[in-house]
Amino acid sequence: MTHKYHHWNIKLDNAPERQPLMTGLFDKKYIPAFLWMEEYKVHIISPKTILKFIDEELIHDNEDILIQNGQTLNSMSSGERKQAFLRYTLSLNPVVLILDHLLDNLDTKARERIIDLLKTHSNHSNIINIYSRENDRLPFLKEQFTYQKGKLEKKGRDKKADHFAQAENQHPLPDPLHKLPIFDNPLVSFNQVSVSYLDKCILKNISWVINKGQFWHLYGPNGSGKTTLLTMITGDNPKAYGQNIKLFGQQKGSGETIWDIKQKVGYFTTNMTFQFKRRQLTREMIISGFFDSVGLYHIPSDQQTKLANEWLNFIGLSHLAERPFIDLSMCHQRMIMIARAMVKHPPLLILDEASVDLDDESAAQMIHLINRIAHEGETTIIYVSHRVEPGLSPTNSFELVPGEGGSQGIVHSLK
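Residues numbered from 1 in each chain as written. Predicted model: local features only at pLDDT ≥ 70, side-chain atom pairs only at ≥ 80, totals over all residues. Heavy atoms only, no water.

## Things to note about the overall build of the chain
Then, in step 1: From N to C terminus, the chain includes 11 helices and 16 strands.
Then, in step 2: A compact globule built from 415 residues would reach a C-alpha radius of gyration of about 22 Å, and the chain, at 23 Å, matches this within 12%.
Then, in step 3: Out of the 415 residues belonging to the chain, those deemed buried represent 50%.
Then, in step 4: The long-range fraction of contacts in the chain, counting pairs at least 24 apart against all pairs at least 6 apart in sequence, stands at 68%.
Then, in step 5: Taking the 47 positively charged and 47 negatively charged side chains of the chain as two groups, their mean positions are separated by 2 Å. (Helix = DSSP H or I, 4+ residues; strand = E, 2+ residues; numbered from the N terminus. Rg over C-alpha atoms; globule rule 2.2 N^0.38 Å. Buried < 20%, exposed > 50% of the residue type's maximum accessible area, 1.4 Å probe, protein only. Contact = heavy atoms within 4.5 Å. Lys, Arg positive; Asp, Glu negative; His and termini not counted. Charge placed at Lys NZ, Arg CZ, Asp CG, Glu CD.)

## Comments concerning the side chain of Asp352
Then, in step 1: The residue Asp352 is located in strand 13 (residues 348-352) in this model.
Then, in step 2: It is Lys226 that comes nearest to the buried, bridge-free Asp352 among opposite-charge side chains, at 7.6 Å.
Then, in step 3: In this structure, Asp352 is in contact with Leu230, Tyr267, Phe268, Thr269, Thr270 and Val384, ignoring residues within four places of it in sequence. (Salt bridge = Lys/Arg side-chain N within 4 Å of Asp/Glu carboxyl O.)

## Structural notes on the packing of aromatic side chains
Then, in step 1: Per the stated rule, a full pass over the model turns up nine aromatic pairs.
Then, in step 2: Among the aromatic side chains, those forming a connected cluster through ring pairs are Phe190, Trp208, Trp216 and Phe398.
Then, in step 3: Over the ring of Tyr197 we find Lys239; its NZ or CZ atom is 5.0 Å from the centre of that ring. (Phe/Tyr/Trp six-rings, centres within 6.5 Å; stacked < 30°, edge-to-face > 60°. Lys NZ or Arg CZ within 6 Å of the ring centre and 35° of its normal.)

## Concerning the sheet that holds strand 5 (residues 143-148)
Then, in step 1: Taken together, six strands build an open sheet; the order of strands is 2-3-4-1-5-6 and the sheet is mixed. Sheet topology places strand 2 (42-45) and strand 6 (151-154) at the edges, where each strand pairs with a single neighbour. The mean angle between the axes of side-by-side strands here comes to 20 degrees, regardless of whether they run parallel or antiparallel.
Then, in step 2: Relative to strand 5, strand 1 (residues 7-12) runs parallel, the two sharing five bridges. Within strand 5, the residue paired with Leu12 across the bridge is Tyr147. (Pairing = 2+ DSSP bridges. Axes fitted to C-alpha atoms, helices over the stretch in contact; angles between N-to-C directions.)

## Observations regarding the pairing of strand 9 (residues 215-219)
Then, in step 1: When you tally the buried positions in strand 9, you get four out of five residues, the bulk of the element.
Then, in step 2: In terms of strand pairing, strand 9 meets strand 14 (residues 380-384) through four bridges, oriented parallel. Pairing of Phe215 across the sheet is with Ile381, part of strand 14.
Then, in step 3: Pairing geometry for strand 9 and strand 15 (residues 396-401), over four bridges, is parallel. The residue of strand 15 that forms the bridge with Tyr219 is Glu399.

## Quick look at helix 5 (residues 108-121)
Then, in step 1: For helix 5, with 14 residues, the first-to-last C-alpha span of 20 Å sits near the 20 Å given by 1.5 Å per residue.
Then, in step 2: If you check which residues of helix 5 are buried, you get Ala110, Arg111, Ile114, Leu118 and His121. The buried side chains of helix 5 occupy one side of the element, clustering within an arc of 95 degrees when seen end-on. Within helix 5, the exposed residues directed more than 90 degrees away from the buried face are Thr108, Lys109, Asp116 and Thr120.
Then, in step 3: By the N-cap criterion, in which a side-chain oxygen at the helix start approaches the backbone nitrogen of a residue two or three places on, helix 5 is capped by Asp107, the distance to Lys109 being 3.2 Å. (Expected span 1.5 Å × (residues − 1). Arc of directions from axis to C-beta. Polar contact = N/O pair within 3.5 Å; in protein donor to acceptor, adjacent residues only side chain to side chain.)

## With respect to the pattern of salt bridges
Then, in step 1: Summed over the entire model, instances satisfying the criterion amount to 11 salt bridges.
Then, in step 2: A salt bridge links Asp360 to Lys11; its shortest N-O distance comes to 3.6 Å. Here Asp360 is found in helix 11 (residues 360-376), whereas its partner Lys11 is found in strand 1, with 349 residues between them in sequence. Note on accessibility: Asp360 and Lys11 belong to one class, buried.
Then, in step 3: Notably, a salt bridge pairs Glu322 with Arg283, separated by 2.6 Å at the nearest N-O pair. Separated by 39 residues along the polypeptide, Glu322 in the loop between helix 9 (302-314) and helix 10 (330-342) and Arg283 in helix 8 (residues 282-287) bring together distant segments of the chain.

What follows is the structure in structure tokens.
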């Protein structure tokens, strides 16, 4: 007798509801829909389970991933981690597999490999795919459900993502608290920069010139060196020293400190607030940008508070000023953190995977905000992502193309 496997796509209409959904699945809230899960061990691939496995690697010298891939999970990029952890999990022959936003922040080729692998594995496994972006639905999983406001319902039709229309905000981009420093072009330049770790070359002969007022999209496959390239700018990578890199008119390694760089670079990555648990007010989180801290640990001036309120008006979230930051939706947290990065009007703003884990509507709201900052201000922007976001309007793009001797860079003009 042929065994019938359960194959479900579950779309979250609001991405932050992923935890209530997961809790409901294991608490049998949706009986009888998930009654079949009781007799099986459930394997989960999620950001949390991957981080837990990394802890196991570090604390207990777990070498399972190392043996299978030649690298520990901790040493990989976020996209490589997902792929390696999936291969490891499938090697355990799971009967029930829950995928929590697995395809998010993966490049096109990686997505194709994973979809083919999962399609083959669906012949002898129950698979539940939880996702927020319409493009992340697995087409070979026939049952389609939506989860919204605590309710799990079967979809009656294959609904495409609704178009999101952002209401035009009339509040202007806030002025800086102090007069901005004037820098000549280029703001950043790389000239034949190469980076290797042990015997592996990551970046090969990278040349890239970033000028004032440009809006760059930095992209490339998982593991192509995007994070390495960013850390050469932000000052977090010792490999930058001795290279032909200039930041704001100064040769890298000629006496500047990491704090000098922080004064000139606004930076946002989704990991910044991962461990943040303090119940600080939303306004205070924006003010903390004046002090280059995540969270406010200083007494702000009246001017700093006033400017934070102006940023709240600009991003349309003034009604959340007195709400604890950690209680906000994921989208609103990201918007607040971008305002925090911009509060000093840095010459350069780096946004690393700002739309990851967001649903389609939230991502559109985020893109609208980034476009406004780019078009109404003077800050140069580097936007990093694996997917091409609908509506994003960069002026240039820098593509990292992996090769046997390391990734090389290609400049594309989008004007």
